[in-house]
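# Working through the structure, step by step
The residues making up each chain are set out below.
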Amino acid sequence: VEFLKKVHGDAILLILPFFRLGQQEIAEILGLPTPMIFLGNDILCEGVNAIDSLPEEAGMRAAECLLRNGHRRIALILSEPQSVGSWRRNDAFLAYLRLHGVSPRIIDCEVRSGEASCAKTHDRMTAYLRRYGADFSGCFATSDYSAFGVVSACRECGYGVPEEISVIGEGDAKFFGFCSPPLTTVSADYLEMVMRMTEFIDGKPLHDHRIFFPLHLIERKSVFDLTYESQLR
């Protein structure tokens, strides 16, 4: 907050940190003279300028993809530090599955702020698979980086991806589209997001203005179609 008080410009684009802010800190941020645009409405306040990527849709699209491909033994991998945005996404993922009669498994990799999510997820998932085996056929990890940790853990434990365990990430980090297998992910159109940001600032007053960005599913090769396999049998 003290740093933001020293920033001057037409507007400030702000991504909130993972740690929880107190009410007094939020009040001070909202009271700053420079217009503030939150990239994600993670404080869940009305009357703020926010570009909200609708994390609920990310969770629902990931769940729909796994269900559509015949998966019923599904896990949610908690593999990033928890924030309001991740809570919204994860709750929607779980609710969508339960709405369709699926009771998902929740695996918490206990990743904390400042830790490497890919490495921590790899270690925790390796330990989980060695102890319990592949008790799920498809999973949703809460970033592309941690999803890659899941993939590497599966391989270290002798499970094929996607033949035995399907993996979905989030964020569309371009590198993971060239991995083996190319990662299926949920992502916003970031180019459109940047273009809309300029509309926020360029000659328009900023007051209680929210822009929503629906997400889309990018289907690659890390999700196996169990319905096709059953047809072959």
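Above: the structure in question.
The structure displayed is predicted, hence computed values, not measured ones.

## Comments concerning the side chain of Arg89
The topology assignment puts Arg89 in helix 4 (residues 84-99). Looking at Arg89, the relative accessible area reads 7%, which means it is buried. With residues near it in sequence (within four places) discarded, Arg89 still touches Pro55, Glu56, Ala58, Gly59, Phe140, Thr142 and Glu170.

## Section: the nonpolar core
If you look at the biggest cluster of nonpolar residues, it comprises 26 residues, and the most contacted ones within it are Ile74, Phe93, Leu97, Ile168 and Val186. Elements with a contribution of two residues or more to this core: helix 3 (55-68), strand 4 (74-78), helix 4 and helix 7 (190-201). At 6 residues, the largest contribution of residues to this core is made by helix 3. Those residues in contact with Phe93, other than ones at most four positions away along the chain, are Gly59, Met60, Ala62, Ala63, Leu66, Ile74, Ala75, Leu76 and Phe140. Counting 24 residues, the second largest nonpolar core, distinct from the first, contains Cys109, Ala153, Val167 and Ala173.

## Describing empty space enclosed by the protein
On inspection of all chains with the given rule, the structure shows 1 cavity of 30 Å³ or more. Of the voids in this model, the largest cavity is the one considered here, and its volume is about 50 Å³. Here the lining of the largest cavity is composed, by residue class, of 7 nonpolar, 1 polar and no charged.

## Overview of the pattern of salt bridges
Within the structure shown, the criterion is met by 11 salt bridges. We note a salt bridge from Lys5 to Glu2, for which the minimum N-O separation is 3.2 Å. Taken together, the residues span about one helical turn, with Lys5 and Glu2 both in helix 1 (residues 2-5) at a distance of 3 residues. What makes Lys5 partly exposed here is its relative accessible area of 38%. With a closest N to O distance of 2.8 Å, Glu57 and Arg61 form a salt bridge. A residue pair is termed a helical-turn pair when its members lie 3 or 4 positions apart in one helix, as Glu57 and Arg61 do in helix 3 at 4 residues. We classify Glu57 as buried; its relative accessible area is 18%. Looking at Arg61, the relative accessible area reads 33%, which means it is partly exposed. Bridged by salt links that share partners, the residues Glu2, Lys5 and Glu28 form one connected network.

## Looking at the packing of helix 5 (residues 117-132) against helix 6 (residues 144-156)
Remark: helix 5 packs on helix 6, axes separated minimally by 7 Å, with the N-to-C direction vectors making an angle of 35°. Between helix 5 and helix 6 lies a crossing whose hand is right-handed. Residues Ser117, Cys118, Thr121, His122, Met125, Thr126, Leu129 and Arg130 of helix 5 form the contact with helix 6, whose own contacting residues are Tyr145, Ser146, Phe148, Gly149, Val150, Ser152, Ala153, Cys154 and Glu156. Across the contact of helix 5 with helix 6, the residue classes tally to 8 nonpolar, 7 polar and 2 charged.

## Some details on the packing of aromatic side chains
Think of a pair of aromatic rings as described by two things: how far the centres are apart, and how the planes are tilted against each other in angle. With the rule as written, the count across this model stands at 3 aromatic pairs. Plain terms: the ring middles of Tyr128 and Tyr132 are 4.7 Å apart, the flat faces sit at 45° to each other, and that makes the pair tilted. A residue pair is termed a helical-turn pair when its members lie 3 or 4 positions apart in one helix, as Tyr128 and Tyr132 do in helix 5 at 4 residues. By relative accessible area, Tyr128 is classed as buried at 13%. Ring geometry for Tyr128 versus Phe136: centroids 6.4 Å apart, planes at 45°, classification tilted. The residues Tyr128 and Phe136 share a single accessibility class, namely buried. One aromatic cluster is present, formed by Tyr128, Tyr132 and Phe136 through successive ring pairs.

## Things to note about the layout of surface pockets
The computed volume of the largest pocket comes to approximately 830 Å³. Looking at which element gives the most residues to the lining of the largest pocket, the answer is helix 4, with 4 residues. Of the residues contributing to the lining of the largest pocket, the split by class is 15 nonpolar, 9 polar and 8 charged.

Rules behind the numbers
Here, residues in each chain are numbered from 1, in the same order as that chain's written sequence. Reporting of local features is limited, given that this is a predicted model, to residues whose pLDDT is at least 70; pairs of side-chain atoms are given and counted only at 80 or more, and all residues count toward the totals for whole chains, interfaces and linings. The basis for the side-chain values is all heavy atoms of the structure; hydrogens and waters are excluded. In this text, helices come from DSSP runs of H or I with a minimum length of four residues, and strands from runs of E with a minimum of two, each type numbered from the N-terminal end. Partly exposed residues are those whose accessible area sits between 20% and 50% of the maximum for their type, while under 20% is buried and over 50% is exposed, using a 1.4 Å probe and protein chains only. The contact criterion used is simple: two residues touch if any of their non-hydrogen atoms lie within 4.5 Å. The definition of a nonpolar core used throughout is a set of buried Ala, Val, Leu, Ile, Met, Phe, Trp, Tyr and Cys residues joined through side-chain atoms within 4.5 Å. The pocket and cavity definitions rest on a 1 Å grid over protein atoms only: a 1.4 Å probe that fits but cannot leave marks a cavity, an open set with protein on both sides within 12 Å along at least five of seven lines marks a pocket, and residues lining either have an atom within 4 Å of a point. Grid points are joined across faces, edges and corners, and a volume is the space filled by probe spheres set on the points. Here the term charged refers only to Asp, Glu, Lys and Arg, the term nonpolar to Ala, Val, Leu, Ile, Met, Phe, Trp, Tyr, Cys and Pro, and the term polar to all other amino acids, Gly among them. Salt bridges are defined by distance alone: a side-chain nitrogen of Lys or Arg within 4 Å of a carboxyl oxygen of Asp or Glu. Axis definition: a line fitted to C-alpha atoms, limited for helices to the stretch in contact. Angles are taken between N-to-C directions and run from 0 to 180 degrees. The crossing is said to be left-handed when, going from far helix to near helix, the turn is anticlockwise and less than a right angle, and right-handed when the turn is clockwise. Here a Phe, Tyr or Trp ring, Trp counted by its six-membered ring, pairs with any other such ring whose centre lies within 6.5 Å, and the pair is stacked when the planes are under 30 degrees apart, edge-to-face when over 60, and tilted otherwise.

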